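# Remarks on the overall topology
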Amino acid sequence: MASEGDGRRQGREETEEERADRRWADLLQEVRVTLTGVQILFGFLLAVVFQPRFAALDPADRVIYLVTVFLGAGATAALIGPVALHRMLTGRKVKPQTVEWASRLTVIGLVLLLGTIASALLLILRVVLDDSLATWLIVPAVLWFVVCWFALPLWARWRSRSGDQAGGDDETDGRRRRT
């Protein structure tokens with residue numbers, strides 16, 4: 001265990017406002033990366049309906065397309081939501097709460113983006129391959145996204161809280177000491 005006098009620090013020494021500022025900057029960087037992908041995917045989806053082959057889609061594929069577009073719109077709204085929250089709440093002295101709400105919107109946006117990607121892949125694979133093969137190919141793809149986006153971060157979070165790593169993290173008090 002590191003003591004205050006031995007020169008080793010664990011966690012961050014920051015005020016609640018400094019922590020909120022840091023977490024907000026981190027969140028904005030994450031949203032910027034995510035929004036680029038959402039914009040490209042959503043733009044593609046909006047353009048598909050105007051292609052000549054769209055008229056040849058069977059009714060099931062049209063439903064998948066509509067679900068994909070609505071999921072993409074929902075992901076876009078959730079991932080742009082933190083910007084609106086920040087703009088509307090700036091100067092109201094609620095930055096820590098704003099960061100928390102924005103973080104939740106970002107996770108919701110990621111879930112909706114996963115749905116968008118999965119249904120877009122399903123639609124594309126159904127057009128190119130046999131329907132049953134498309135479904136079987138989607139399952140491992142979605143599982144891979146779940147592992148990368150949710151399981152791995154949650155596992156790392158669990159490990160950091162179980163004492164395998166020193167110091168706090170973004171979701172806990174950065175001044176917490178490991179004993």
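Preceding this section is the structure that the text describes.
Residues numbered from 1 in each chain as written. Predicted model: local features only at pLDDT ≥ 70, side-chain atom pairs only at ≥ 80, totals over all residues. Heavy atoms only, no water.

It is worth spelling out the pattern of salt bridges at this point. This model, assessed by the stated rule, comprises 6 salt bridges. Among the ionic pairs, Glu-14 bridges to Arg-22, the shortest N-O distance being 2.6 Å. Here Glu-14 matches Arg-22 in class, with each residue buried. Here Arg-126 and Asp-61 are joined by a salt bridge, their closest N and O atoms 2.4 Å apart. Residue Arg-126 is found in helix α3 (residues 95-128), and its partner Asp-61 is found in helix α2 (residues 59-89); the two are separated by 65 residues along the sequence. Each of Arg-23, Glu-100 and Arg-104 takes part in a single network of salt bridges with overlapping partners. (Salt bridge = Lys/Arg side-chain N within 4 Å of Asp/Glu carboxyl O. Buried < 20%, exposed > 50% of the residue type's maximum accessible area, 1.4 Å probe, protein only. Helix = DSSP H or I, 4+ residues; strand = E, 2+ residues; numbered from the N terminus.)

To continue, consider unusual backbone geometry. We note that Lys-93 has phi near 60°; this positive angle belongs to a residue other than glycine. Among the structural elements, Lys-93 can be located in the loop between α2 and α3. On the basis of relative accessibility, which here comes to 77%, the residue Lys-93 falls in the exposed class.

A few words now on the nonpolar core. Residues Leu-41, Tyr-65 and Leu-113 are the most contacted members of the largest nonpolar core, which totals 24 residues. Looking at this core, the elements with two or more residues in it are α1 (16-48), α2 and α3. For this core, the element with the highest residue contribution is α1, accounting for 10 residues. (Core = buried A, V, L, I, M, F, W, Y, C linked by side-chain atoms within 4.5 Å.)

This part is about the packing of aromatic side chains. Taken as a whole, this structure holds 3 aromatic pairs when the rule is applied. Between Phe-54 and Tyr-65 the ring centres are 5.0 Å apart and the planes differ by 70°, which places this aromatic pair in the edge-to-face class. Separated by 11 residues along the polypeptide, Phe-54 in the loop between α1 and α2 and Tyr-65 in helix α2 bring together distant segments of the chain. Among the residues examined, Tyr-65 registers a relative accessible area of 5% and is labelled buried. (Phe/Tyr/Trp six-rings, centres within 6.5 Å; stacked < 30°, edge-to-face > 60°.)

The subject of this paragraph is a nonpolar patch on the surface. A surface patch of nonpolar side chains, amounting to about 570 Å² of accessible area, comprises Phe-44, Ile-124, Val-127, Val-128, Leu-129, Leu-133 and Leu-137. Broken down by secondary-structure element, the contributors of at least two residues to the nonpolar patch are α3 and α4 (131-161). Considering every element that reaches the nonpolar patch, the biggest residue donor is α3, with 3 residues. Structurally, the position occupied by Phe-44 is in helix α1. (Patch = residues over 30% accessible without salt bridge, like charges linked within 9 Å, V, L, I, M, F, W, Y side chains within 5 Å. Areas by Shrake-Rupley, 256 points an atom, 1.4 Å probe, with all protein chains shown as cover.)

We now examine the packing of α1 against α3. Orientation of α1 relative to α3, taken along the N-to-C sense of each, is 25°, at an axis distance of 10 Å. Our classification of the angle between α1 and α3 gives roughly parallel. Judged by the twist between their axes, the crossing of α1 over α3 is left-handed. Here the contact of α1 with α3 is built from residues that sort into 14 nonpolar, 5 polar and 6 charged. (Axes fitted to C-alpha atoms, helices over the stretch in contact; angles between N-to-C directions. Parallel < 35°, antiparallel > 145°, perpendicular 65-115°, else oblique. Left-handed = near helix turned anticlockwise from the far one by under 90°. Nonpolar A, V, L, I, M, F, W, Y, C, P; charged D, E, K, R; others polar.)

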